[in-house]
Amino acid sequence: MIVVMEKGATPEQVKHMAERVEALGLKAHVIQGTERTVIAAIGEKRAETKESLASGPGVEDVVPILAPYKVASREVKKEPTQVCVGSLKVGAGIIGVIAGPCSVESEEQILVTARAVKAAGATALRGGAFKPRTSPYSFQGMKEEGLRLLAAARQETGLAIVTEVMTSEEVELVARYSDVLQVGARNMQNYRLLEAVGQAKKPVLLKRGPSATMEELLLAAEYILNEGNPNVMLCERGIRTYEAHTRFTLPLASVPYLHHKTHLPVVVDPSHGTGHTYLIPDMAVASVAAGADGLILEVHPNPEQALSDGYQSLNFIQFNDVMARCRAVAAAIGKKM
Ligand code: PEP
Ligand code: MN
């Protein structure tokens, strides 16, 4: 249910109604819009709940939330959410660009990459320290040493750090070094991890599972929001289909679809979405044209030598070209990048 407050409702009235919601055994999420404040009341409601809230001070209306996800829904918040952390802004007319290697491999590799992507206009640095690899024999990441190198790259360049956390036990450690916690595709439905990153109060980049529906993605986001963490970015990174010409199939219709259903910003990952360097530039440009609020791109100083995902990494020159093309499209549709 949504408790819609009147335009002129006072902060005291909002606080009072949030307390009334909690007293009814429901969880209250106060959402400040530009026009008015609403309180999403989440949980099992009784028949008399609606009437009892509707008569409260400063309340204009009490309406049901029809979508199965609640706090993530557009019904609760009409204005787009912008996630802001350090150098990274994503959403509400601003396109954020998260770029860097698949994996942190060495001090030299991450620093050189951070400098190059920053010079080309990236607003955050990516790099995996804890890597979810299909094979246990593949490079598993530099773990805490990788996190330290990412923090050093932030120190030098000022770029916000986006890195993956794979288990709830490691959330505290990864959050200590990073600015955005990435939940990988393989973990999208790891509900204990979603709750843990929700409690960490750091922005989260939630990647779509390769076989997850849009509704499952939004319900996964709801787990994070329900812990009181409003800073969730959804990431379309491609799904598994019968098609084999690309590593995954990148469905860009999910961008406008998600914008229709949720206020959360949508980031697209053309690197994992295609799995081929030569396809990434056009799909990055297409993502911006489709309305993406952000891009996450794998960039490596020497893709041929990369310890993971070199075949889908851009070199610095290619990244610079992609940025120029994306910026032109962003400007054409009235967005800042
Ligand atoms: C990644 O971004 O490095 C990654 C492992 O992506 P995904 O979880 O989408 O496979
Ligand atoms: Mn990768």
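Preceding this section is the structure that the text describes.
For the structure given in this document, a descriptive report is provided here. (Residues numbered from 1 in each chain as written. Chains lettered and ligands numbered in written order. Predicted model: local features only at pLDDT ≥ 70, side-chain atom pairs only at ≥ 80, totals over all residues. Heavy atoms only, no water.)

Some remarks on the pairing of strand β7 (residues 96-100)
- Burial runs high along β7: five of the five residues are buried.
- Taking every second residue as pointing to the same face, both faces of β7 are buried, with Gly96, Ile98 and Gly100 on one and Val97 and Ala99 on the other.
- The sheet contact formed by β7 and strand β14 (residues 294-298) spans five bridges and is parallel. When the sheet's bridge partners are listed, alanine 99 is paired in β14 with leucine 297.
- Both β7 and strand β8 (residues 124-126) contribute to a ladder of two bridges, which runs parallel. If you follow alanine 99 over to β8, its bridge partner there is leucine 125.
- In this fold, the crossover linking β7 to β8 by way of helix α3 (residues 107-120) has right-handed handedness. (Buried < 20%, exposed > 50% of the residue type's maximum accessible area, 1.4 Å probe, protein only. Helix = DSSP H or I, 4+ residues; strand = E, 2+ residues; numbered from the N terminus. Pairing = 2+ DSSP bridges. Right-handed = clockwise from strand over helix to strand, strands pointing away.)

What about the packing of α3 against helix α11 (residues 316-332)?
- The geometry of α3 relative to α11 is characterised by a closest axis approach of 9 Å and an angle of 25° between their N-to-C directions. For the element pair α3 / α11, the angle class is roughly parallel. Judged by the twist between their axes, the crossing of α3 over α11 is right-handed. Residues Val112, Thr113, Ala116, Val117 and Ala120 of α3 touch α11, and the partners they reach there are Phe316, Phe319, Asn320, Met323 and Arg327.
- A per-class count over the contact of α3 with α11 returns seven nonpolar, two polar and one charged. (Axes fitted to C-alpha atoms, helices over the stretch in contact; angles between N-to-C directions. Parallel < 35°, antiparallel > 145°, perpendicular 65-115°, else oblique. Left-handed = near helix turned anticlockwise from the far one by under 90°. Contact = heavy atoms within 4.5 Å. Nonpolar A, V, L, I, M, F, W, Y, C, P; charged D, E, K, R; others polar.)

Describing the coordination of the manganese ion (ligand 2)
- Surrounding the manganese ion (ligand 2) are the protein donor atoms Cys102 (SG), His272 (NE2), Glu298 (OE) and Asp309 (OD), which sit 2.0 to 2.4 Å from the metal.
- Read in sequence order, the donor residues coordinating the manganese ion (ligand 2) give the pattern C-x169-H-x25-E-x10-D. Taken as a pair, cysteine 102 in the loop between β7 and α3 and histidine 272 in helix α9 (residues 270-274) lie far apart in primary sequence, 170 residues in all.
- On the accessibility criterion, cysteine 102 (3% relative accessible area) is buried.
- Taking the relative accessible area as the measure of exposure, histidine 272 reaches 9% and is therefore buried. (Donors = N, O, S within 2.8 Å, 3.2 Å for Na, K, Ca; no water.)

Concerning the side chain of serine 308
- Relative to the elements of secondary structure, serine 308 occurs in the loop between β14 and α11.
- There is a polar contact of 2.6 Å between the side chain of serine 308 and the side chain of serine 103.
- Those residues within four positions of serine 308 in sequence are excluded, and the remaining contacts are Cys102, Ser103, Glu105, Lys131 and Arg133. (Polar contact = N/O pair within 3.5 Å; in protein donor to acceptor, adjacent residues only side chain to side chain.)

So, the pattern of salt bridges
- Enumeration over the complete set of coordinates arrives at 15 salt bridges.
- Between lysine 15 and glutamate 19 there is a salt bridge, and its shortest N-O distance comes to 3.2 Å. Note that lysine 15 and glutamate 19 are positioned in helix α1 (residues 11-23) at a spacing of four residues, about one turn of the helix.
- Take glutamate 19: its relative accessible area is 44%, and that puts it in the partly exposed class. (Salt bridge = Lys/Arg side-chain N within 4 Å of Asp/Glu carboxyl O.)

What about the site of ligand 1?
- In the neighbourhood of ligand 1, the contacting residues comprise Arg126, Lys131, Pro132, Glu164, Gln182, Gly184, Ala185, Arg186, Lys207, Arg237, His272 and Glu298.
- Within the side chain of arginine 237, an N or O atom sits 2.6 Å from an oxygen atom of ligand 1.
- In the complex, the protein chains occlude 97% of the 290 Å² of accessible area that ligand 1 would expose alone. (Near = heavy atom within 4 Å. Areas by Shrake-Rupley, 256 points an atom, 1.4 Å probe, with all protein chains shown as cover.)

Observations regarding the sheet that holds strand β10 (residues 180-183)
- Read around the barrel, eight strands follow the order β7-β8-β9-β10-β11-β12-β13-β14 and close on themselves; strand pairing throughout is parallel. Sheet twist, expressed as the mean angle between neighbouring strand axes with direction ignored, is 25°.
- In this structure, strand β9 (residues 160-164) lies alongside β10, joined through three bridges in parallel fashion. Each residue of the ladder has a partner; that of valine 162, found in β10, is valine 180.

A few points about the nonpolar core
- Counting 78 residues, the largest nonpolar core has Leu125, Val197, Leu206, Leu234 and Phe319 as its most contacted members.
- Take this core: its biggest share by element is seven residues, from helix α7 (residues 214-225).
- Three or more residues apiece are contributed to this core by two domains, here domain 1 (2-63) and domain 2 (83-332).
- Contacts of phenylalanine 319, omitting those with residues within four sequence positions, involve Val97, Ala99, Val117, Ala120, Ala122, Leu297, Val299 and Leu314.
- Met1, Val3, Ala9 and Val14 belong to the second largest nonpolar core, which has 15 residues in total. (Core = buried A, V, L, I, M, F, W, Y, C linked by side-chain atoms within 4.5 Å. Domains from an automatic or database assignment.)

Some words on the sheet that holds strand β3 (residues 37-42)
- Taking strand neighbours across the sheet as the criterion, the four strands line up as β2-β3-β1-β4 in an open arrangement whose pairing is antiparallel. Of all the strands in the sheet, just β2 (27-32) and β4 (59-63) have a single pairing partner and so form its edges. With direction set aside, neighbouring strand axes in the sheet form an average angle of 20°.
- Two strands pair when backbone bridges link them, and strand β1 (residues 2-5) and β4 are joined in this way by four bridges, in the antiparallel orientation. Bridge pairing in β4 places valine 3 opposite valine 62.

Distances and angles like these do not, on their own, reveal function.
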